[in-house]
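Secondary and tertiary structure notes
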Amino acid sequence: METLLVRERYKVVRVMDSREDYAFAEAVDILDREMHGCLLNVYEGPLLRQYLPCFDKLSVHPAFQGMFLEGESLVAVFADCTGTPIDRIFYLGDNHSWRDRLYYAGELFWQVLNLADLPPEVACALLLSENVLVDQVNRQLRLRFHTVPLTGMNDRETAYLAADQARKILRPRKSSPREELEFLDLLERGGIAGPVQMYALWRTWGEKIQGAYEALEKKNFVRRWCSILLGRIKRRLARRKER
């Protein structure tokens, strides 16, 4: 197979997405002594004009390595990142501890806050499930720059997608205290203005949820489950009043 070089510098290893006027590929920077991997997002036609101003705004982002025109294509280069897609880590029936769940939820919301200055079409693409990567070895959550073309995005859509990913991490469980369920209710309701508001909400509720779990741990088995049951009854009554 013929080796594909982009700008005589980026050796394409694998094309991972290809559609009209867009392609996404893993590559290696052959001019880099360490031969680090990178990600190439290639836009053509009307997408070139749409995304050129978007990437002009990414110059300060640590993952952004540059952009250039190659023929009739716009190429945006980003650092590669490793991890497992969130859907393969957090799923129905997983056995993560509450401490791990709160930790990774915090990692997610911190990443969401860092999206506040990005164009919504880019920020929303990073929050698609395939791009939310969990590195359990290094205990990190990363967002991969597979900036698939999206239209009609705004800050509320960014918050909505972030809430969807958060609900996977903090999904309701038998052991969930009332505070965690109420936070999930807020996420499901939507209406959060954007990434900054989403992070502020987590800062408030994250502490409440952690405190609730710690309080439950201090109780014996019977009192713990009585507290959980009482919390569910109070939540149900509160939701009825809201209706």
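Above this text sits the structure in question.
A few points on the structure. Model, not experiment: these values are computed from the prediction.

The backbone phi angle of Arg7 is positive, close to 55°, even though this residue is not glycine. Note on placement: Arg7 falls in the loop between strand S1 (5-6) and strand S2 (10-19). Given the relative accessible area of 48%, Arg7 is considered partly exposed. For Glu8, which is not glycine, the phi torsion reads 55° and is therefore positive. Following the sequence through the fold, Glu8 ends up in the loop between S1 and S2.

Bringing the sheet that holds strand S4 (residues 37-44) into the picture now. Strand order in the open sheet made by the 6 strands is S1-S2-S3-S4-S6-S5, with antiparallel pairing throughout. Every interior strand has two partners, whereas the edge strands, S1 and strand S5 (64-70), have only one. By the bridge criterion, 7 bridges tie strand S3 (residues 22-29) to S4 in an arrangement that is antiparallel. Residue Tyr22 lies in a different strand from S4, and its bridge partner there is Tyr43.

Our next topic: the layout of surface pockets. Rolling a probe over the atoms, with the probe sized like a water molecule, indicates the empty space that remains. Approximately 250 Å³ is the volume attributed to the largest pocket. His61, Ala63, Gln111, Leu143 and Phe145 are, among the 15 residues lining the largest pocket, the residues nearest its centre. Elements that contribute at least two residues to the lining of the largest pocket include exactly helix H2 (98-113) and strand S9 (140-143). Approximately 200 Å³ is the volume found for the second largest pocket. If you go around the second largest pocket, the residues you meet are Leu4, Leu5, Val6, Arg7, Val12, Val15, Ala23, Ala25, Leu40, Val42, Glu70 and Val75. Of all the secondary-structure elements, those providing two or more residues to the lining of the second largest pocket are S1, S2, S3 and S4.

Taking strand neighbours across the sheet as the criterion, the 3 strands line up as S7-S8-S9 in an open arrangement whose pairing is antiparallel. Looking at which strands have only one partner, the edges of the open sheet turn out to be strand S7 (84-85) and S9. Note that strand S8 (residues 132-135) and S9 share 4 bridges and pair antiparallel. Looking across to S9, one finds that Leu133 is bridged to Arg142. Against the sheet, H2 engages S8 and S9, with an angle of about 30° to S9.

Our focus in this paragraph is the nonpolar core. In this structure, Phe55, Ile169 and Met198 are the most contacted members of the largest nonpolar core, which totals 57 residues. With 7 residues, the single largest contributor to this core is H2. Discounting residues that sit within four places of it in the chain, Met198 has contacts with Phe109, Val112, Ala159, Ala162, Ala163, Leu187 and Ile192. Among the nonpolar cores identified, the runner-up in size contains 10 residues, and Ala27, Leu40, Val75 and Val77 belong to it.

Here we come to the pairing of S3. Remember that side chains alternate between the two faces of the sheet whenever the strand is regular. Among the 8 residues in S3, 7 count as buried, and that is most of the element. In terms of strand pairing, S2 meets S3 through 8 bridges, oriented antiparallel. Across the sheet, residue Asp17 finds its bridge partner in S3, namely Phe24. Taking the residues between adjacent antiparallel strands as the criterion, S2 and S3 are bridged by 2 residues, where Asp21 takes a positive phi near 65°.

This next bit is on the packing of aromatic side chains. Two measures describe an aromatic ring pair: the distance that separates the ring centres and the angle between the ring planes. Using the criterion set out here, one finds 18 aromatic pairs in the structure. Between Tyr22 and Tyr43, the ring centres sit 5.1 Å apart and the planes meet at 45°, which makes this aromatic pair tilted. Residue Tyr22 is found in strand S3, and its partner Tyr43 is found in strand S4; the two are separated by 21 residues along the sequence. Comparing Tyr22 with Tyr43, the two get one shared label, buried. Measuring from centroid to centroid gives 4.5 Å for Tyr43 and Tyr51, while their planes differ by 15°, and the two rings are stacked. Both residues of the pair, Tyr43 and Tyr51, belong to the buried class.

Conventions adopted
Residues numbered from 1 in each chain as written. Predicted model: local features only at pLDDT ≥ 70, side-chain atom pairs only at ≥ 80, totals over all residues. Heavy atoms only, no water. Helix = DSSP H or I, 4+ residues; strand = E, 2+ residues; numbered from the N terminus. Buried < 20%, exposed > 50% of the residue type's maximum accessible area, 1.4 Å probe, protein only. Pairing = 2+ DSSP bridges. 1 Å grid on protein atoms, 1.4 Å probe; cavity = no way out; pocket = protein on both sides within 12 Å on 5 of 7 lines; lining within 4 Å. Points joined across faces, edges and corners; volume = space filled by probe spheres on them. Contact = heavy atoms within 4.5 Å. Axes fitted to C-alpha atoms, helices over the stretch in contact; angles between N-to-C directions. Core = buried A, V, L, I, M, F, W, Y, C linked by side-chain atoms within 4.5 Å. Phe/Tyr/Trp six-rings, centres within 6.5 Å; stacked < 30°, edge-to-face > 60°.

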